[in-house]
Amino acid sequence: MADSLPLEMLTYILSFLPLSDQKEASLVSRAWYCAAQNALRETNVRYNIPVSSASLSAIKNLGLRGISHISLTNLDGSPASHQVLQSVAYHLGPHLESLCLGGGSPTEASFLALILGCPVLRTLDLSGCNSLFTSGTLLAQPETAQCVRKALSGLRDLNLACLRDLTDLSFNHLSGCFPSLERLSLAYCHLTFELGPTWGSITPQVSSPSQLSFHNLLQFVKERAGRLRALDLSGTGLPPEALQALGQVTGLQLEELSLHSCRDLSSEAVATLCRQQPGLTSLDLSGCSELTDRALLAVSRGLQHLRHLSLRKLQRLTDAGCAALGALHKLQSLDMAECCLVSGRELAQVLGSVHRAPPALTSLRLAYCSSLKDASVLSMIPALGPSLKVLDLSSCVALTNQTMQAICTYLVHLSVLRLAWCKELQDWGLLGEKEPSEEPMLSPQVLQFPQLRQLSLSLLPALTDLGLVAVARGCPSLERLALSHCSHLSDEGWAQAARFWPRLQHLNLSCCSQLTEQTLDTIGQACKQLRVLDVAMCPGINVAAVRHFQAQLPQVTCIQSRFVGGADLTLTL
């Protein structure tokens, strides 16, 4: 019946399924296979391609399917890499929209040949590709630069993070070929800052052939102000004066700005930025250790369109600052992990306010907030409601089973839940019981997360086989599961739990001291989609068992098995 539906209708139906289910659906019939491939293209799935001669046939097949987003790994200057890049340019280049070479070491010649064959490229990631910039001659020839500019005039997004050899000249040569840039990352590049009035001057300065200067970047921003929408200057040591000079560029209307680990920034500088760039929708101030509640107050007053805010590792942030978050009505994701002074009291009041509409968060991260208590979280959780998809409470060591029960009751639509090292959680909390009993019942349960894809319960010392089976029954759609250092889990528990997790792809069982090769056999039979397994420091599992498992499931690309049976072994394909 379903096969008789038009391809367009099948594609539309399958587009509502998660990625793993789309892959399974493609195995039903030829019609479903074609529809699933169309659905995968529409969801902008990125394909990771290891650079080796074995990948050449796969690249050709991906080309026939019109794949447009890829990432190349293990790229170097070898003949095999050159051959792979030639194949990518020929088979994928005409319709390639997104290309990631991050961390690779291509030669200049092979890189130029590749990008000249990608005329519709919109996103290019060269982060960590230092080999391209060591000589300083990339695109220095006007004829070559003109060809690249003509071929890639539509490039919108350029990632140049972590390039130690990037200089003013090489940056200008490269960026000059991309007149339509809207997003630029220079995260963790070594920017130099010369204090003084020259930042605001009109007088041009000579571009440096030996360093990457903020003055040169500022000139670039001034020239592209009307088009530039996103900047990532994380880890560059940006001082307050430089941020002010950047924010006041005439015509600049940033939507996204990342300043992660710019430790010299002050609350006053952030306040000035909020007045200069009120249209920001995403702001990352994580690790800016000098910021206080005043910075958060300025953000809440000045950035009414903000949707994504990261305040991770702000050790001076307190509950008083959190009270201002209620003004950010469009906020969707909030990261306050490692804000150790935040107890959640004011945040709970903001989210539970009846006087004004609270933010409809889809993601909330409060990991390592050691001051977080049950009372605050219990007030917060009912207000979060069905919109919340990601919740991270890892290492909130004071939380108890009461919090777990509230999560199970109100947040059943979660797709990611992290509770690692919430050491007070016990089996009876996972089972939804109000107090422990000698014979807890597995049904009916409160633990029901049909949409949950990722779960971390690592370092829960009280988790036993009973809790494991309860999680398996209540979370059948898991794709990633972390259970490291859960020393009470045994082969018997996995014998009951594994059959509920046919979609499991990433599994971490490191330091689970009771597990033996029997668990590997169980997982091998039940979890056919597994790709990554970590059984490091599991004393009951030996090297022979790991090799047998690898032969049983050849699609597993990585097995971390350090110090199993006294050996140091990592199998990576």
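From a predicted model like this one, the values you see are computed outputs, not experimental measurements.

### Notes on the overall build of the protein chain
Line of reasoning, step 1. The helix and strand inventory of the protein chain stands at 21 helices and 22 strands.
Line of reasoning, step 2. Since a compact globule built from 573 residues should have a radius of gyration of about 25 Å, the 26 Å found for the protein chain is in line with a globular shape.
Line of reasoning, step 3. In terms of overall dimensions, the protein chain has a C-alpha envelope of 80 × 60 × 55 Å along the principal axes.
Line of reasoning, step 4. The buried share of the protein chain, taken over its 573 residues, is 52%.
Line of reasoning, step 5. Pairs at least 24 apart in sequence give 76% of the contacts found in the protein chain among residues at least 6 apart.
Line of reasoning, step 6. On the protein chain, roughly 24,600 Å² of surface is accessible, and the fraction owed to carbon and sulfur atoms is 54%.
Line of reasoning, step 7. Distance between charge centres in the protein chain, computed from 42 positive and 45 negative side chains, equals 6 Å.

### Quick look at the packing of aromatic side chains
Line of reasoning, step 1. Counted under the stated rule, the structure contains three aromatic pairs.
Line of reasoning, step 2. Their ring planes at 75 degrees and their centres at 5.2 Å tell us that Phe171 and Phe220 sit as a pair that is edge-to-face. Pair noted here: Phe171 is in helix H8 (residues 168-175) and Phe220 is in helix H9 (residues 214-224), with a separation of 49 residues, a long-range link.

### Here we look at the environment of Gln518
Line of reasoning, step 1. Its location among the elements puts Gln518 in helix H20 (residues 517-526).
Line of reasoning, step 2. For the pair Gln518 and Trp494, spaced 24 residues apart in the sequence, the C-alpha separation amounts to 9.0 Å.

### What to know about unusual backbone geometry
In terms of backbone geometry, most residues other than glycine have negative phi values and most peptide bonds are trans.
Line of reasoning, step 1. The backbone phi angle of Lys313 is positive, close to 65 degrees, even though this residue is not glycine.
Line of reasoning, step 2. You can call Lys313 partly exposed: its relative accessible area is 38%.
Line of reasoning, step 3. Positive phi, normally seen in glycine, also occurs at Tyr368, with a value near 65 degrees.
Line of reasoning, step 4. Summarising the element assignment, Tyr368 is placed in the loop between strand E14 (363-365) and helix H15 (374-384).

### Quick notes on a nonpolar patch on the surface
Line of reasoning, step 1. There is a patch of nonpolar side chains on the surface, built from Leu5, Met9, Tyr12, Ile13 and Phe16 and spanning about 530 Å² of accessible area.
Line of reasoning, step 2. When you line up the elements, Met9 lands in helix H1 (residues 7-14).

### With respect to the side chain of Asn130
Line of reasoning, step 1. Its place among the elements puts Asn130 in the loop between strand E4 (123-125) and helix H7 (142-151).
Line of reasoning, step 2. The residues touching Asn130, leaving out its near neighbours within four places in the chain, are Gly104, Cys162, Leu163, Arg164 and Asp165.

### Here's the deal with helix H21 (residues 543-552)
Line of reasoning, step 1. Regarding H21, the residues found buried are Ala545, Val546, Phe549 and Gln550. Along the axis of H21, the buried residues cluster in a sector spanning 140 degrees; they form a single face. Of the exposed residues in H21, the ones pointing more than 90 degrees away from its buried face are Ala544 and Ala551.
Line of reasoning, step 2. The N-capping residue of H21, defined by a side-chain oxygen 3.3 Å from the backbone nitrogen of Ala544, is Asn542.

### Focus on the pattern of salt bridges
Where charged atoms of side chains with opposite charge meet at close range, the side chains can pair.
Line of reasoning, step 1. Per the stated rule, a full pass over the model turns up twelve salt bridges.
Line of reasoning, step 2. Glu255 is the salt-bridge partner of Arg229, the closest N and O atoms lying 3.8 Å from each other. Here Arg229 is found in the loop between H9 and strand E9 (230-232), whereas its partner Glu255 is found in the loop between helix H10 (240-247) and strand E10 (256-258), with 26 residues between them in sequence.
Line of reasoning, step 3. By relative accessible area, Arg229 is classed as partly exposed at 23%.
Line of reasoning, step 4. For Glu255, a relative accessible area of 35% corresponds to the partly exposed category.
Line of reasoning, step 5. Between Arg345 and Asp319 there is a salt bridge, with the nearest N and O atoms lying 3.6 Å from each other. Of this pair, Arg345 sits in helix H14 (residues 345-351) while Asp319 sits in helix H13 (residues 319-322); the two residues are 26 residues apart in sequence, bridging distant segments of the chain.
Line of reasoning, step 6. Residue classification places Arg345 among the partly exposed residues on the basis of a relative accessible area of 46%.
Line of reasoning, step 7. In this structure Asp319 comes out as buried when scored by relative accessible area, which is 7%.

### Brief notes about the nonpolar core
Line of reasoning, step 1. Ranked by size, the top nonpolar core spans 169 residues in total, and within it Leu160, Leu309 and Trp494 carry the most contacts.
Line of reasoning, step 2. Per-element accounting of this core gives the leading share, five residues, to H9.
Line of reasoning, step 3. Not counting residues within four places of it along the chain, the set of residues in contact with Trp494 comprises Leu468, Leu481, Leu483, Trp501, Leu507, Leu509, Leu515, Thr519, Thr522 and Ile523.
Line of reasoning, step 4. Counting residues in hydrophobic clusters, the runner-up holds six residues, among them Leu14, Ala25, Ala35 and Ala39.

### Description of the confidence of the model for the protein chain
Line of reasoning, step 1. On average, the protein chain scores 90 in pLDDT, and the residues at 70 or more come to 92%.
Line of reasoning, step 2. Considering only residues more than four positions removed or in separate chains, one finds that residues 440-444, a stretch of pLDDT under 50, has ten contacts.

### Observations concerning the state of the cysteines
Line of reasoning, step 1. Applying the stated criterion across every chain yields a total of zero disulfides.
Line of reasoning, step 2. The thiol sulfur of Cys274 is not disulfide-bonded, and the nearest other cysteine sulfur, from Cys288, lies at 12 Å.

### Quick notes on the environment of Ile70
Line of reasoning, step 1. Turning to its location among the elements, Ile70 is positioned in strand E2 (residues 69-73).
Line of reasoning, step 2. Between the C-alpha atom of Ile70 and that of Cys100, which follows or precedes it by 30 residues, the distance is 6.5 Å.
Line of reasoning, step 3. Excluding residues that lie within four positions of it along the chain, Ile70 makes contacts with Arg46, Tyr47, Ile49, Val88, Leu92, Leu96, Ser98, Leu99 and Cys100.

Reading the values: the criteria
- Residues numbered from 1 in each chain as written.
- Predicted model: local features only at pLDDT ≥ 70, side-chain atom pairs only at ≥ 80, totals over all residues.
- Heavy atoms only, no water.
- Helix = DSSP H or I, 4+ residues; strand = E, 2+ residues; numbered from the N terminus.
- Rg over C-alpha atoms; globule rule 2.2 N^0.38 Å.
- Buried < 20%, exposed > 50% of the residue type's maximum accessible area, 1.4 Å probe, protein only.
- Contact = heavy atoms within 4.5 Å.
- Areas by Shrake-Rupley, 256 points an atom, 1.4 Å probe, with all protein chains shown as cover.
- Lys, Arg positive; Asp, Glu negative; His and termini not counted.
- Charge placed at Lys NZ, Arg CZ, Asp CG, Glu CD.
- Phe/Tyr/Trp six-rings, centres within 6.5 Å; stacked < 30°, edge-to-face > 60°.
- Patch = residues over 30% accessible without salt bridge, like charges linked within 9 Å, V, L, I, M, F, W, Y side chains within 5 Å.
- Salt bridge = Lys/Arg side-chain N within 4 Å of Asp/Glu carboxyl O.
- Arc of directions from axis to C-beta.
- Polar contact = N/O pair within 3.5 Å; in protein donor to acceptor, adjacent residues only side chain to side chain.
- Core = buried A, V, L, I, M, F, W, Y, C linked by side-chain atoms within 4.5 Å.
- pLDDT = per-residue confidence, 0-100.
- Disulfide = S-S within 2.5 Å.

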